[in-house]
Amino acid sequence: MTSPLTDAPIWYDPGVRHLWFPYTQMKTAQPPLAVSHTEKTSIHLNDGRCLIDGIASWWTAAHGYNHPHILAAIKNQLERMPHVMFGGLMHEPAAILAQRLAHHLPGDLDRVFFAESGSVAVEVAMKMAAQYWINQGQRRHRFLFFRHGYHGDTLGTMAICDPDEGMHRHFRGILAQHIMGELPENPDKLAALDRLLAQHKSDLAAIIVEPLVQGAGGMRFHSAETLRALSRLAKKHDILLILDEIFTGFGRTGHMFACQKADLVPDIITLSKALTGGTLPLSAAIARRPVYEAFHSDDPDHALMHGPTYMAHALGCAAANASLDLFEREDRLGQARAIAQQMTAGLEPCRSAAACADVRVLGAIGVVELKQAPDIPRLRDAFLARGLWVRPLGSVIYLTPALTIDPKSLDQLMRGVCDVVRSL
């Protein structure tokens, strides 16, 4: 990594010599920015600058930073019990959170397995799906995933990410071999997927998809009807359906969960990111009753043998319960729809820029896709000069702000994006 900033705090240089940062070529990367504190929808740097956060810390801070209700819940739980193992023990925050998630989710998605990160929740969902069939005497060990899909960075989840356009192409030959399809967005693709499923149905444990939005794979949108068609095919071929709502859950698409827009109930759903309002690590894989019942047996070999050390972390569960309080008491979904309306108008001027290939908005997700990948360090500096924190994904500049962002700050973000895109 290049030399740190000369005006960095005293802890910066000793620390940066030992840290390994995500998605970063450490030798050539720009030095990371030193953060002193966060407030509402802003990131305050040690050098005195204040940045409007356009991506809510990778989509987690749905209520903005430092929300007093969530902080109070964490402090109260910290004094009582920060953590206790979940093997043979349980506690009130997890019990309440599981009930509340089951209440908010559609249908009979009501058996909650807690983990710490989104990738692990997907791993657990995959394990559930495979063992669902094993417990019934069938060996279905493969998964169908989709081009441009992204489901995590652990070894199992890398195998169900796009192998060509994703970040994990170096690991070919190491990863398990699953089956990639095309989303059924038109009649030809629907027929092709139908044939693919018919060909492999005896090997397939589940189909996995990010509903409505493929996030890290390029913020690509698809319709609720596409999702419904996928659900119909899963039922037709007797294959489980896993919806990865780690990005789309908790209001990001304008619905509490993206599956609700399509009016469908997956067999398993995964949640994380905004689950705790961006405060603590927590995730969940939540199964429908028939999936759970395949494990509910007198045979000990039918048990789900998985147990993260910090499973159902009491502090995280307390934060998640407080976050759900805010979704229930305040109109977060209305705020997401208002953000959509404002971004639809505010990002439209980008469309006329020479570098722009597309502009699209869904809920509190705004995307400006460029014709080619830009100079990312140059873009970072351009956004910083405008007091903005925006982190592009390849050729995609996206905004996923806190649902609580005020219209003035959102307008500043959009004007900054438009200015930068016009300058390319």
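Remember, it's a predicted structure, so these values are computed and weren't measured experimentally.

Caption draft 1: Focus on the sheet that holds strand 5 (residues 142-146). The seven strands lie next to each other as 4-12-11-10-7-5-6, forming an open sheet whose pairing is mixed. A strand with exactly one partner marks an edge of an open sheet, and here the two such strands are strand 4 (109-115) and strand 6 (179-181). In this sheet, neighbouring strand axes are inclined to one another by 25° on average, regardless of whether the strands run parallel or antiparallel. Bridge count for strand 4 against strand 12 (residues 283-288) is six bridges, and the pairing is antiparallel. Note on strand 12: the bridge partner recorded for Val 112 is Ile 286. Sheet strands in contact with helix 5 (residues 118-134) are strand 4, strand 5, strand 7 (204-209), strand 10 (240-244), strand 11 (268-271) and strand 12, and its direction is about 25° off that of strand 12. Where helix 7 (residues 187-200) meets the sheet, it contacts strand 5, strand 6 and strand 7, and its direction lies at approximately 170° from that of strand 5.

Caption draft 2: View of the sheet that holds strand 2 (residues 42-45). Here four strands make up an open sheet; going across it, the order is 1-2-3-15 and the pairing mixed. Whereas interior strands pair on both sides, the edge strands pair on one side only; in this sheet they are strand 1 (35-39) and strand 15 (388-389). Here strand 1 runs beside strand 2; their pairing, made up of four bridges, is antiparallel. Note on strand 2: the bridge partner recorded for Val 35 is Leu 45. The strands touched by helix 14 (residues 407-423) within the sheet are strand 3 (50-53) and strand 15, with strand 3 carrying the most contacts at an inclination of about 90°.

Caption draft 3: Seen up close, the packing of aromatic side chains. Tallied over the entire structure, the rule returns seven aromatic pairs. Arranged with centres 5.2 Å apart and planes meeting at 65°, the rings of Phe 250 and Phe 257 form a pair that is edge-to-face. Overall, the relative accessible area of 0% leaves Phe 257 in the buried class. Aromatic rings pair up to connect Trp 59, Phe 247 and Tyr 398 into one cluster. Cation over ring: Arg 111 sits above Tyr 292, and NZ or CZ is 3.8 Å from the ring centre. Over the face of the ring belonging to Trp 133 we find Arg 140, whose NZ or CZ atom lies 3.6 Å from the ring centre.

Caption draft 4: Quick peek at helix 3 (residues 68-80). For helix 3, with 13 residues, the first-to-last C-alpha span of 19 Å sits near the 18 Å given by 1.5 Å per residue. Where helix 3 is concerned, the buried positions are Ile 70, Ile 74 and Gln 77. The arc that holds every buried residue of helix 3, seen down its axis, measures 70°, which confines them to one face. In helix 3, those exposed residues whose orientation departs by more than 90 degrees from the buried face are Pro 68, Lys 75, Glu 79 and Arg 80.

Caption draft 5: Examining the UniProt feature "modified residue: N6-(pyridoxal phosphate)lysine" (unreviewed entry) in the protein chain more closely. The feature "modified residue: N6-(pyridoxal phosphate)lysine" (unreviewed entry), as annotated in UniProt, sits at Lys 273 in this numbering. Within the element layout of this structure, Lys 273 appears in the loop between strand 11 and strand 12. Judged by its relative accessible area of 24%, Lys 273 falls in the partly exposed class. When near neighbours in sequence (up to four residues on either side) are disregarded, Lys 273 contacts Trp 58, Trp 59, Thr 60, Ile 246, Phe 247 and Gly 278.

Caption draft 6: Just the domain arrangement of the protein chain, in detail. For the protein chain, the domain assignment lists domain 1 (11-66 + 331-423) and domain 2 (68-329). With centres defined by C-alpha atoms, the gap from domain 1 to domain 2 works out at 26 Å. Listed by partner, the interface residues are 28 residues for domain 1 and 31 residues for domain 2. Contact with domain 2 buries area across many residues of domain 1, yet Trp 59, His 63 and Leu 362 alone supply 28% of it, more than any other trio. At the junction of domain 1 and domain 2, the tally comes to zero salt bridges. Taken together, domain 1 and domain 2 are joined by ten residue pairs in polar contact (both at pLDDT 80 or more).

What counts as what
- Residues numbered from 1 in each chain as written.
- Predicted model: local features only at pLDDT ≥ 70, side-chain atom pairs only at ≥ 80, totals over all residues.
- Heavy atoms only, no water.
- Pairing = 2+ DSSP bridges.
- Helix = DSSP H or I, 4+ residues; strand = E, 2+ residues; numbered from the N terminus.
- Axes fitted to C-alpha atoms, helices over the stretch in contact; angles between N-to-C directions.
- Contact = heavy atoms within 4.5 Å.
- Phe/Tyr/Trp six-rings, centres within 6.5 Å; stacked < 30°, edge-to-face > 60°.
- Buried < 20%, exposed > 50% of the residue type's maximum accessible area, 1.4 Å probe, protein only.
- Lys NZ or Arg CZ within 6 Å of the ring centre and 35° of its normal.
- Expected span 1.5 Å × (residues − 1).
- Arc of directions from axis to C-beta.
- UniProt positions renumbered as here; feature names shortened; annotations may be inferred.
- Domains from an automatic or database assignment.
- Buried area = accessible area lost by both parts, 1.4 Å probe.
- Salt bridge = Lys/Arg side-chain N within 4 Å of Asp/Glu carboxyl O.
- Polar contact = N/O pair within 3.5 Å; in protein donor to acceptor, adjacent residues only side chain to side chain.

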